[in-house]
Amino acid sequence: MSSSSRGDKPHESANRFNPFDADRPLMMKCRCGGDHAPEQHADEAGYSREFIEATLVKALLPSEPLRRRFLQAVGANTARAAIASLLPMGALEAMAQDKNPLEKKDLKIGFIAITCATPLIMADPLGFYRKEGLNVQLNKTAGWALIRDKMLNKEHDASHFLSPMPLAISLGLGSVAQPMRVATVQNINGQAITLALKHKDNRDPKNWKGFKFAIPFEYSMHNFLLRYYLAEAGLNPDTDVQLRVVPPPEMVANLRAGNIDGFLGPDPFNQRAVFDEIGFIHILSKDIWDGHPCCAFGVSEDFIKQNPNTFAALYRSVLSAAAMARDPKNRELIAKVIAPPAYLNQPETVLNQVLSGKFADGLGGVKNVPDRTDFDPVPWQSMAVWMLTQMKRWGYIKGDVNYKQIAEQVFLLTDAKKQMKLLDQKVPEGAYRKYKVMGKEFDPANAAAYASSFAISRG
């Protein structure tokens with residue numbers, strides 16, 4: 001699918017990208033810097049030559065008015081002939097392609113129908129996988145345990161993960177141990193604590209003893225953030241409340257039925273509870289930790305070893321999609337393409353509220369929080385260390401933990417930076433950032449001390 005953030009209709013094949021058309025109207029900009037849609041960049045061998053020629057003309061004539069006058073004066077064909085007579089276009093074209101043969105083109109990728117998976121999902125209808133020569137089948141999956149099992153059984157080649165899951169699977173927590181790797185973070189922020197409307201006058205978590213909360217999985221940021229939030233209010237999440245694992249698509253129904261008092265879950269289900277007038281948004285997860293990771297895109301170590309070129313193509317697809325998703329101007333289009341039944345199966349109104357950050361809170365108010373959700377793909381190893389400290393704090397990990405070693409094995413920050421550089425994306429510096437969670441600083445260099453510093457824990 002090829003349309004602009006304004007919702008323009010796709011261009012027909014007769015209007016294919018022509019870099020020498022000086023009067024061509026602007027479309028959604030490609031990562032290469034050209035004024036064409038991302039999926040139209042180098043779709044065929046001919047596109048690569050056109051791309052190189054256009055780039056050279058821009059380099060030789062950086063002034064756009066001058067470039068337009070030149071092309072209008074000599075014509076596109078003359079310009080092409082002049083370039084071809086002076087430069088080895090065949091070699092340059094090969095360098096521009098710089099893609100080794102794919103070991104595997106037909107791939108199955110699992111996902112849960114939540115907005116956290118936006119880059120991975122939108123890469124299908126918007127053509128990011130196809131542009132890299134991949135034929136991807138996105139498999140909507142019912143719950144996180146099934147996501148894990150399908151990856152362990154190699155039924156899926158790659159997957160949408162909760163970001164702590166590859167850590168847990170690699171360590172053999174809750175399953176047999178199998179090395180899993182996080183290629184990118186899919187989203188940051190984008191979650192909330194949603195409560196049933198009957199609790200609208202009970203907003204102090206100190207008064208929530210006996211509440212029943214849903215979380216999507218034990219090895220999830222939802223579990224760790226909710227536990228953190230409750231413990232800071234003086235409640236022991238293992239004894240003072242009940243935490244129940246509920247697949248995200250079932251959370252709203254359980255809230256409606258009165259089976260739970262609330263949930264810390266992914267969107268769009270927080271907003272869907274408001275839309276259905278059965279719940280309200282108590283607090284966004286960004287107000288617990290602004291910039292926290294949530295979901296990830298990952299593969300097994302075996303897949304990387306057996307399919308390095310395919311893995312690189314997957315990397316390019318998802319990173320390119322994430323770059324598009326980060327631009328607020330594209331959010332309306334993205335809501336439209338991920339809304340259908342094959343993907344999220346949600347009203348566009350709900351998705352637009354989540355992605356734009358302008359939303360009804362369920363208490364009669366309208367909030368404007370542009371960074372309610374974002375799609376920064378960087379798999380910071382310090383994020384992995386924080387997750388490991390919470391696994392240690394709550395007794396999921398026994399014994400000593402080599403935080404740095406595990407984080408660097410599972411979170412492929414070096415690979416992500418390499419691929420971002422190849423895509424001309426801004427490459428961040430460092431690996432171990434400090435964070436603040438509910439006002440308390442987390443220094444990954446002192447992970448063991450941090451994990452044992454909490455008054456309420458199970459470790």
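Cut-offs applied
Residues numbered from 1 in each chain as written. Predicted model: local features only at pLDDT ≥ 70, side-chain atom pairs only at ≥ 80, totals over all residues. Heavy atoms only, no water. Pairing = 2+ DSSP bridges. Helix = DSSP H or I, 4+ residues; strand = E, 2+ residues; numbered from the N terminus. Axes fitted to C-alpha atoms, helices over the stretch in contact; angles between N-to-C directions. Phe/Tyr/Trp six-rings, centres within 6.5 Å; stacked < 30°, edge-to-face > 60°. Lys NZ or Arg CZ within 6 Å of the ring centre and 35° of its normal. Core = buried A, V, L, I, M, F, W, Y, C linked by side-chain atoms within 4.5 Å. Buried < 20%, exposed > 50% of the residue type's maximum accessible area, 1.4 Å probe, protein only. Contact = heavy atoms within 4.5 Å. Parallel < 35°, antiparallel > 145°, perpendicular 65-115°, else oblique. Left-handed = near helix turned anticlockwise from the far one by under 90°. Nonpolar A, V, L, I, M, F, W, Y, C, P; charged D, E, K, R; others polar. Expected span 1.5 Å × (residues − 1). Arc of directions from axis to C-beta.

So what about the sheet that holds strand E3 (residues 158–162)? Which residues, and what values?
In space, the five strands of this open sheet follow the order E2-E1-E3-E11-E4, with mixed pairing throughout. Each of the sheet's edge strands pairs with one partner strand only, and the pair in question is strand E2 (135–140) and strand E4 (180–185). Mean inter-strand twist for the sheet, computed between neighbouring axes without regard to direction, equals 30 degrees. Pairing analysis gives six bridges linking strand E1 (residues 106–111) to E2, with the strands arranged parallel. Bridge pairing in E2 places Gly-110 opposite Asn-139.

Break down the packing of aromatic side chains for me, citing the residues and quoting the values.
What the rule picks out here adds up to 14 aromatic pairs. With a centroid separation of 5.7 Å and 10 degrees between ring planes, the pair formed by Trp-208 and Phe-211 is classed as stacked. Ring pairs connect the aromatic residues Tyr-228, Trp-289, Trp-386, Tyr-435, Phe-442, Tyr-450 and Phe-454, which therefore count as one cluster. Over the face of the ring belonging to Phe-454 we find Arg-393, whose NZ or CZ atom lies 3.8 Å from the ring centre. Sitting over the ring of Tyr-396, Arg-458 keeps its end group 5.3 Å from the ring centre.

Help me get a handle on the nonpolar core, residues and values and all.
In this structure, Met-122, Tyr-129 and Trp-386 are the most contacted members of the largest nonpolar core, which totals 128 residues. Top contributing element to this core by residue count: helix H13 (residues 308–326), with nine residues. If sequence neighbours within four positions are ignored, Trp-386 has contacts with Met-221, Phe-224, Leu-225, Tyr-228, Trp-289, Val-437, Phe-442 and Tyr-450. Counting six residues, the second largest nonpolar core, distinct from the first, contains Ala-192, Ile-281, Leu-284 and Phe-359.

Requested: an account of the packing of helix H14 (residues 331–338) against helix H15 (residues 348–356), with residues and values cited.
One can describe the packing of H14 onto H15 by two numbers: an axis separation of 9 Å at closest approach and a directional angle of 140 degrees. Between H14 and H15, the crossing angle belongs to the class labelled oblique. Helix-helix and strand crossings are classified by hand; for H14 and H15 the assignment is right-handed. Of H15, the residues touching H14 (which contributes Arg-331, Glu-332, Ile-334, Ala-335, Lys-336 and Ile-338) are Glu-348, Leu-351, Asn-352 and Leu-355. A per-class count over the contact of H14 with H15 returns five nonpolar, one polar and four charged.

Tell me about the sheet that holds strand E9 (residues 262–266), residues and numbers included.
Read from one edge to the other, the open sheet built from five strands follows the order E8-E7-E9-E6-E10, with strand pairing classed as mixed. Each edge of the open sheet is held by one strand with a lone partner, namely strand E8 (242–245) and strand E10 (279–284). Adjacent strand axes in the sheet meet at a mean angle of 25 degrees, parallel and antiparallel pairs treated alike.

Quick rundown of helix H9 (residues 221–232)? Include the residues and the values.
An ideal rise of 1.5 Å per residue puts 16 Å on twelve residues; H9 measures up with 16 Å between its terminal C-alpha atoms. Most of H9 sits inside the fold, with eleven of its twelve residues counted as buried. Turning to H9, its buried residues are Met-221, His-222, Asn-223, Phe-224, Leu-225, Leu-226, Arg-227, Tyr-228, Tyr-229, Leu-230 and Ala-231. Phi turns positive one or two residues past the end of H9, at Gly-234, with a value near 95 degrees.

I'd like to hear about helix H7 (residues 144–152), residue by residue, with values.
Owing to its 3.6 residues per turn, the α-helix aligns residues three or four sequence positions apart on the same side. For H7, every residue scored as buried is listed here: Trp-144, Ile-147, Arg-148, Met-151 and Leu-152. Viewed end-on, H7 has its buried residues packed into an arc of 130 degrees, placing them on one side of the element. Elements in contact with the buried residues of H7: E1, E3, helix H8 (165–171), E4 and strand E11 (295–300).

Explain the environment of Ile-304 residue by residue, including any values.
Relative to the helices and strands, Ile-304 resides in helix H12 (residues 301–306). With residues up to four places along the chain from it excluded, the contact list for Ile-304 reads Arg-181, Val-299, Phe-311 and Leu-412.

Please set out unusual backbone geometry residue by residue, giving values where relevant.
Cis peptide bonds are those with omega within 30 degrees of zero, and the linkage from Asp-267 to Pro-268 qualifies with 15 degrees. By the element assignment, Pro-268 lies in the loop between E9 and helix H11 (269–275). Unlike most non-glycine residues, Glu-277 shows phi in positive territory, near 60 degrees. Here Glu-277 lies in the loop between H11 and E10.

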